[in-house]
Protein chains: 2
Amino acid sequence: MLVLHQMQMSGNCYKVRLAARQLGIPLVLKEYPLHDGQTRKPDFLAKNPNGRVPMLEFEDGRTLPESDAIIWYLAEGSLLAPESKWDRAQALSWMFFEQYSHEPYIAVARFWLKFAAKEELAKKQHLVAEWHEKGNAALGVMNTHLSKHDWFGGSRYSIADIALYGYTHSAADGGFNLASYPAVTKWLARVAAEHGHIPLAESW
Amino acid sequence: MLVLHQMQMSGNCYKVRLAARQLGIPLVLKEYPLHDGQTRKPDFLAKNPNGRVPMLEFEDGRTLPESDAIIWYLAEGSLLAPESKWDRAQALSWMFFEQYSHEPYIAVARFWLKFAAKEELAKKQHLVAEWHEKGNAALGVMNTHLSKHDWFGGSRYSIADIALYGYTHSAADGGFNLASYPAVTKWLARVAAEHGHIPLAESW
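Each chain carries its own residue numbering, running from 1 in the direction its sequence is written. The order in which chains are written sets their letters, starting at A; the order in which ligands are written sets their numbers, starting at 1. Residues qualify for local features only when their pLDDT is at least 70, as the model is predicted, and side-chain atom pairs are given and counted only at 80 or more; totals for whole chains, interfaces and linings, by contrast, use all residues.

Asks: Sorry if this is basic, but what is going on with the overall build of chain A here?
Replies: Along its length, chain A carries eight helices and four strands. Starting at the N terminus and ending at the C terminus, chain A contains elements arranged as β-α-β-α-β-β-α-α-α-α-α-α. The atom set for the radius of gyration is the C-alpha atoms, and the globule formula is 2.2 Å times the number of residues raised to the power 0.38. Taken over C-alpha atoms, the radius of gyration comes to 17 Å for chain A, in line with the 17 Å a tight globule of 204 residues would show. Based on the C-alpha atoms only, the size of chain A along its principal axes is roughly 45 × 45 × 25 Å. The burial criterion counts other C-beta atoms lying within 10 Å of a residue's C-beta, which is placed from the backbone; the residue is buried at 20 or more, exposed at 12 or fewer, and partly exposed between these limits. The buried share of chain A, taken over its 204 residues, is 45%. Counting only contacts in chain A whose residues sit at least 6 apart along the sequence, the fraction spanning at least 24 positions is 70%. Note on conventions: DSSP H or I runs of at least 4 residues are helices, E runs of at least 2 residues are strands, and numbering of each starts at the N terminus. Contact definition: two residues whose C-beta atoms, as placed from backbone geometry, lie within 7 Å.

Shown next as structure tokens:
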């Protein structure tokens, strides 16, 4: 059985649980406590030298880090994979956008504002304005796309939508006002209505 | 003919020129001056609302941003594409690693230390230590992998190597000492010896 090394509250880990559930792929979850640094210890680093979850571990011991690479792997050949060469390129373009222009602001703001101790947040307070500026820019880019398209990876729901849903649906936790992005709000509802959808908090 | 909207000095744009050259795909280059903000003006934003290069433009007007999505698209079905489902997952994992854990430190350090005006760099000086710490961590992760493997996307040279070469080969510009990473240094030489390789500065 596949083992997902994860933190339940992480949107990146949620992407993998959501895709696996919709694909009917069973996972064993190995949970890492948020603040205890287990992913930076030698046992974990031997499996992923970058010291991060999510990481997927196969029965033969192979390991695969990076949320978007994991969901790409799990979905290959399924209805969650983009259909054509052009759709694959679009999906990847949005998945790289998410990791470079969206997650570093929207997920990071959520982490510090919702999960960090107050005295730790105080050390990051000077960064909040930049997280909000750049995170709002990313939400604006998504809203522009969704004003003309239903989905991110072609003409149907795909792993590109799962990748962007992971942290967009919980952006309010980081102080973002999703009501300012009506096309995003409608898309969030479409994603949540897909067959087999599970919320972030659902235990596996 | 495909048009690559680009900045010659950008490692992300270099990835596209290098892959296209090795694939025998002709490109027309449209150069954007480094500091004049053209990519944030309405004409450009209509093509890429995220306001960034590289962006590939097709004859029918379609546009594709994000360096790694572009080289994935150009390479599909060629010898530069990873061979198997597992190799594709590995390649994508490293390409997402590059955009999340490598480029934001190694490329950003290079930009500010080599290309920014001194008075602008002064405003960023307090960030240099973090760029170096996290960039060195990324080079260490690469060196660990390359101590056991020749390439990043399976058993042959692929777009995953091109993606990581883009900013690794010029890391010294950002104050990194590549001699500390012997497996990386040997891999850089292997990449540069591949048929059809071009340096970053080569005009198309």
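Now that the structure has been shown, the text picks up again.
Asks: What exactly am I supposed to notice about the sheet that holds strand 1 (residues 2-6) of chain A here?
Replies: Residue and element names in this part refer to chain A. The four strands lie next to each other as 2-1-3-4, forming an open sheet whose pairing is mixed. Two strands close off the open sheet at either side, each with one partner strand: strand 2 (27-31) and strand 4 (63-65). Sheet twist, expressed as the average angle between the axes of neighbouring strands with direction ignored, equals 25 degrees. DSSP-based pairing: two strands are paired if at least 2 bridges between them are found. Where strand 1 and strand 2 come together, five bridges link them in parallel fashion. Note on strand 2: the bridge partner recorded for His5 is Lys30. Interaxial angles span 0 to 180 degrees and are taken between N-to-C directions of axes, which are lines fitted to C-alpha atoms, for helices over the stretch in contact.

Asks: What am I meant to see in the pairing of strand 1 (residues 2-6) of chain B here?
Replies: Here is the key point about a regular strand: its side chains alternate between the two faces of the sheet. Residue and element names in this part refer to chain B. Here a crossover is taken to be right-handed if, once the strands point away from the viewer, the path from the first strand over the helix to the second is traced clockwise. Between the parallel elements strand 1 and strand 2 (residues 27-31), the chain passes through helix 1 (residues 11-23) in a crossover that is right-handed. As paired strands, strand 1 and strand 3 (residues 55-57) are joined by three bridges and run antiparallel to one another. Counterpart to His5 in the pairing with strand 3 is Met55.

Asks: Looking at this structure, how should I read the relation of the copies chain B and chain A?
Replies: There are two copies of the chain, and a rotation about an axis plus a shift along that axis relates them. By a simple turn and slide, chain B fits onto chain A: the slide is 0.0 Å along the axis, the RMSD is 0.0 Å, and the turn is 180 degrees. On this basis, the relationship between the two copies can be described by a two-fold rotation axis. Considering only C-alpha atoms, the part of chain B nearest the rotation axis is B:Tyr100, at 3.1 Å. In this assembly the copies share their binding face: 100% of the residues contributing to the interface of chain B also contribute to that of chain A. The atoms used to superpose the copies are C-alpha atoms, taken from residues with pLDDT of at least 70 in both, and the fit is least squares.

Asks: What am I meant to see in the interface of chain B and chain A here?
Replies: Often the size quoted for an interface is simply the accessible area lost on bringing the parts together. Each partner contributes residues to the interface: chain B has 21 residues there, and chain A has 21 residues. For the side of chain B that touches chain A, the elements supplying multiple residues, two or more each, are strand 4 (63-65), helix 3 (67-75), helix 4 (85-115) and helix 6 (128-146) of chain B. Looking at the side of chain B that touches chain A residue by residue, the class counts come to 12 nonpolar, five polar and four charged. Gly counts as polar in this scheme, as do all residues outside two lists: the nonpolar Ala, Val, Leu, Ile, Met, Phe, Trp, Tyr, Cys and Pro, and the charged Asp, Glu, Lys and Arg.

Asks: How do you make sense of helix 1 of chain B when you look at a structure like this?
Replies: Counting along an α-helix, one turn takes 3.6 residues, and residues three or four places apart therefore face a common direction. All names here are of chain B. Residue count minus one, scaled by 1.5 Å, sets the expected span of a helix. For helix 1, which comprises 13 residues, the first-to-last C-alpha distance of 18 Å matches the rise-based estimate of 18 Å (1.5 Å per residue) to within 8%. Against strand 1, strand 2, strand 3, helix 3, helix 4 and helix 7 (159-168) lie the buried residues of helix 1. Downstream of helix 1 by a residue or two, Gly24 has a phi angle that is positive, lying close to 70 degrees.

Asks: When you look at the sheet that holds strand 4 of chain B in this model, what are you seeing that I'm missing?
Replies: Paired through their backbone hydrogen bonds, the strands of a sheet run either parallel or antiparallel. All names here are of chain B. Read across the sheet, four strands follow the order 2-1-3-4 without closing on themselves; strand pairing throughout is mixed. One side of each edge strand has no neighbouring strand; the edge strands of this open sheet are strand 2 and strand 4. Averaged over all adjacent pairs, the angle separating strand axes in this sheet is 25 degrees, with direction ignored. Sheet analysis places strand 3 next to strand 4, joined by three bridges and oriented antiparallel. Within strand 4, the residue paired with Glu57 across the bridge is Thr63.

Asks: Even after reading the chapter, I still don't get unusual backbone geometry, so can you show me in this structure?
Replies: Of all residues except glycine, most have a negative phi; of all peptide bonds, most are trans. Residue and element names in this part refer to chain A. A cis amide bond links Val53 to the next residue, Pro54, at an omega of 0 degrees. Among the structural elements, Pro54 can be located in the loop between helix 2 (42-45) and strand 3 (55-57). One non-glycine residue, Glu66, lies in the positive phi region at around 80 degrees. Checked against the element boundaries, Glu66 lands in the loop between strand 4 and helix 3 (67-75).

Asks: Hey, could you run me through the confidence of the model for chain A in this one?
Replies: Predicted coordinates in areas of low pLDDT are best not read in detail. Confidence scores per residue from the predictor, reported as pLDDT, run from 0 to 100. The pLDDT averaged across chain A works out to 96; a share of 100% of its residues lies at or above 70. Overall fold confidence for the complex sits at a pTM of 0.98, while the interface term, ipTM, reaches 0.97.

Asks: It is not clear to me how the packing of helix 4 of chain B against helix 6 of chain B should be interpreted in this structure. Could you clarify?
Replies: A packed helix pair is summarised by two numbers, namely the angle formed by the two axes and the spacing between the axes. All names here are of chain B. Put simply, helix 4 and helix 6 touch, their axes get as near as 8 Å, and they point 130 degrees apart. Judged by the angle between their axes, helix 4 and helix 6 are oblique. As helix 4 packs across helix 6, the resulting crossing turns out to be left-handed. Contacts from Ser101, His102, Tyr105, Ile106, Val108 and Ala109 of helix 4 reach helix 6 at Val128, Trp131, His132, Lys134, Gly135 and Ala138. Counted by class, the contact of helix 4 with helix 6 contains seven nonpolar, four polar and one charged residues. For classification purposes, angles smaller than 35 degrees are called roughly parallel, those larger than 145 roughly antiparallel, those between 65 and 115 roughly perpendicular, and all remaining angles oblique. Handedness of each helix crossing follows the sense of rotation of the near helix against the far helix: counterclockwise by less than a right angle gives left-handed, clockwise gives right-handed.

Asks: How do you make sense of the domain arrangement of chain A when you look at a structure like this?
Replies: Residues and elements named next belong to chain A. Each domain's limits were defined by an automated method or a database of domain assignments. By the assigned domains, chain A splits into domain 1 (2-75) and domain 2 (85-192). Each of domain 1 and domain 2 has a C-alpha centre, and these two points are 21 Å apart. Taken residue by residue, the interface counts 12 residues in domain 1 and 10 residues in domain 2. Where the side of domain 1 that touches domain 2 is concerned, the elements lending two or more residues are helix 1 (11-23) and helix 3. Per element, the largest residue contribution to the side of domain 1 that touches domain 2 is six residues, and it comes from helix 1. A breakdown of the residues in the side of domain 1 that touches domain 2 according to their chemical character gives eight nonpolar, two polar and two charged.

Asks: Any chance you could explain helix 4 of chain B here in plain terms?
Replies: Residues and elements named next belong to chain B. Here helix 4 contains 31 residues, and its C-alpha end-to-end distance of 40 Å is more than 12% below the 45 Å for a straight helix at 1.5 Å per residue. The seven residues ending at a residue and the seven starting there each receive a fitted axis; the angle between those axes is the bend at that residue. When the local axis directions of helix 4 are compared, the greatest deviation, roughly 60 degrees, occurs at His102, which is followed within four positions by the proline Pro104. Counting buried residues in helix 4 gives 22 out of 31 residues, a clear majority hidden from the surface.

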